[in-house]
Amino acid sequence: MNLSYYIAKRYAVSFSKNKAINIITGIASVGIIASTMALFVFLSVFSGLKEFSLNFANASDPDLRVETSAGKTFFLNPIEEEQLKKSHYINSYSKIIEERVYFMYDSKELFAYIKGIDNRFIQVTNFNKNLYAGEWLEANSENVVVGADISRKLGLGLFDYNNGLEAFAPKPGKGDIENPNEAFNKALLFPSGIYSINEELDSKYVFCSIEVAQHFLGLKDNEITNLEIKLKPNADETKARAELAQILGKSIKIKNRAQLNDSLYKMLQSENLFIYLFSTLVVILTLFCLAGAIVMIIIDKRDNLKTLYNIGVTQTSIRTIFFTQGIIITSFGLVLGLVLAIGIILLQQHFSFIMITPTMPYPVLFEWKNIAIVVTTIIILGFISSWIASGTVNKKLFK
């Protein structure tokens with residue numbers, strides 16, 4: 001039987017003398033290489049775009065944000081602050097007052113969020129690094145930092161103390177409004193800096209000191225809308241959440257970056273799935289071309305296979321030979337395609353051959369998980385296509 005199996009292998013695995021079949025097999029092999037490269041490159045490009053998009057969110061969002069589950073504001077007393085300072089998981093925290101208000105400057109108007117911050121805010125998010133003009137605001141001053149889009153729409157200048165930015169917010173309370181001029185809290189603010197991150201954030205915030213925001217919105221000294229937190233390196237988020245709930249009570253909501261940008265993360269996950277399915281479809285088409293080539297080889301060697309079957313080689317053994325041939329071709333294409341694709345990604349990541357703008361390279365990111373996804377996908381689909389192709393070896397073929 002060992003001699004018969006060896007003879008079968010010599011006959012079946014050797015290339016066909018039919019040039020057309022050899023060309024088709026070669027095309028299938030090249031197709032596997034190309035589809036492997038395409039799958040890995042697409043996943044790496046999307047990983048780069050994902051990281052590029054999330055960098056904008058990471059620039060403005062803390063590790064955790066604490067909000068109240070009842071109403072808009074809550075109180076943070078000195079005892080709770082002392083407990084937060086002693087936390088084993090919290091590196092820094094910042095008290096925030098955030099509210100959507102009406103702004104007016106030189107007969108131009110818009111709605112945006114005023115965000116009152118304390119001195120620890122820049123330790124939590126490093127937001128001040130996104131300034132492109134002016135300087136960061138000082139505590140308990142009337143200076144503010146505005147987004148680039150807000151500055152453009154209102155025509156704001158910096159350090160213009162003759163023309164201030166007017167802010168209006170409805171006064172809290174109940175009852176009818178008798179005098180419209182007394183229905184709003186007013187503040188006169190003076191831009192000292194302009195930040196720029198992306199279009200959405202640049203049109204969203206006007207930063208001011210927390211003291212100004214408290215006075216403007218009529219809040220008490222220890223009354224805030226949320227608490228932004230930076231965790232210590234390698235801190236366990238689950239334990240940090242439990243500790244915050246113990247310190248601040250159960251009437252709070254704690255959100256991480258993914259939850260703060262829920263729509264963005266869902267969009268990125270949907271796009272990632274679409275890219276993977278599209279690339280996998282190309283791989284499926286390529287591997288079934290390989291299956292077709294194996295079937296053609298089987299038909300071409302029909303007379304040889306009859307001879308082998310008649311001298312004692314089993315049908316299962318012959319199927320195994322062609323199945324192995326398909327796996328070998330698939331593995332060869334997988335390895336070569338991955339090597340070429342990894343080389344392309346690493347070259348782009350380190351040398352930036354492809355540019356979006358003269359100063360911005362096309363973002364790509366090498367990740368080991370993408371290699372695992374590609375290897376798993378190609379091996380599984382190669383196994384299926386080889387199994388289907390080898391299944392054409394049956395008793396009818398030997399008649």
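Residues numbered from 1 in each chain as written. Predicted model: local features only at pLDDT ≥ 70, side-chain atom pairs only at ≥ 80, totals over all residues. Heavy atoms only, no water.

Draft legend 1. Broad picture of the packing of helix H12 (residues 315-351) against helix H13 (residues 368-390). Two elements in contact, H12 and H13, have axes separated by 9 Å at closest approach and are oriented at 155°. Our classification of the angle between H12 and H13 gives roughly antiparallel. The handedness of the crossing between H12 and H13 comes out as right-handed. The segment H12 lies against H13, with Arg319, Phe322, Phe323, Gly326, Ile327, Thr330, Ser331, Leu334, Leu338 and Ile342 engaging Ile371, Val374, Val375, Ile378, Ile379, Gly382, Phe383, Ser386, Trp387 and Ser390. Of the residues in the contact of H12 with H13, the class split is 13 nonpolar, 6 polar and 1 charged. (Axes fitted to C-alpha atoms, helices over the stretch in contact; angles between N-to-C directions. Helix = DSSP H or I, 4+ residues; strand = E, 2+ residues; numbered from the N terminus. Parallel < 35°, antiparallel > 145°, perpendicular 65-115°, else oblique. Left-handed = near helix turned anticlockwise from the far one by under 90°. Contact = heavy atoms within 4.5 Å. Nonpolar A, V, L, I, M, F, W, Y, C, P; charged D, E, K, R; others polar.)

Draft legend 2. Structural detail: the pattern of salt bridges. For the structure shown, the criterion picks out 13 salt bridges. Where Arg65 meets Glu67, a salt bridge forms, and the shortest distance between an N and an O atom there is 2.7 Å. We classify Arg65 as buried; its relative accessible area is 16%. Of the residues examined, Glu67 reaches a relative accessible area of 14% and is grouped as buried. Between Glu81 and Lys95 there is a salt bridge, with its nearest N and O atoms 3.3 Å apart. One end of the pair, Glu81, is in helix H3 (residues 78-85); the other, Lys95, is in strand E3 (residues 90-105), with 14 residues separating them in the sequence. Using a relative accessible area of 18% as the deciding quantity, one classes Lys95 as buried. Connected through salt bridges with shared partners, the residues Arg65, Glu67, Lys253 and Lys255 form a single ionic network. (Salt bridge = Lys/Arg side-chain N within 4 Å of Asp/Glu carboxyl O. Buried < 20%, exposed > 50% of the residue type's maximum accessible area, 1.4 Å probe, protein only.)

Draft legend 3. A look at the environment of Leu381. For Leu381, the position within the fold is in helix H13. Each C-alpha atom of the pair Leu381 and Val283 lies 8.0 Å from the other, and the pair is 98 residues apart in sequence. If near-sequence neighbours (up to four positions away) are discounted, Leu381 is found in contact with Thr280, Val283, Ile284 and Leu287.

Draft legend 4. Expanded view of helix H10 (residues 262-300). For H10, spanning 39 residues, the distance from its first C-alpha to its last is 57 Å, which sits close to the expected 57 Å at 1.5 Å a residue. Buried residues of H10: Leu268, Ser279, Thr280, Val283, Thr286, Leu287, Leu290, Ala291, Ala293, Ile294, Ile297 and Ile298, and no others. (Expected span 1.5 Å × (residues − 1).)

Draft legend 5. Structural detail: the packing of aromatic side chains. Per the counting criterion, the structure on display carries 18 aromatic pairs. On the numbers, 5.0 Å between centres and 85° between planes, the contact of Phe323 with Phe383 is edge-to-face. Of this pair, Phe323 sits in helix H12 while Phe383 sits in helix H13, and the two are 60 residues apart along the sequence. Both rings, one in Phe366 and one in Trp368, keep their centres 5.2 Å apart while their planes meet at 75°; by these two values the pair is edge-to-face. Members of the aromatic cluster, connected to one another through ring pairs, are Tyr113, Phe121, Phe127, Trp136, Tyr195, Tyr205 and Phe207. The lysine or arginine in question, Arg120, covers the ring of Tyr93, its NZ or CZ lying 4.4 Å from the ring centre. For Lys204, the ring lying beneath its charged end belongs to Tyr113, and the centroid distance is 5.7 Å. (Phe/Tyr/Trp six-rings, centres within 6.5 Å; stacked < 30°, edge-to-face > 60°. Lys NZ or Arg CZ within 6 Å of the ring centre and 35° of its normal.)

Just geometry here; none of it tells us what the structure is for.
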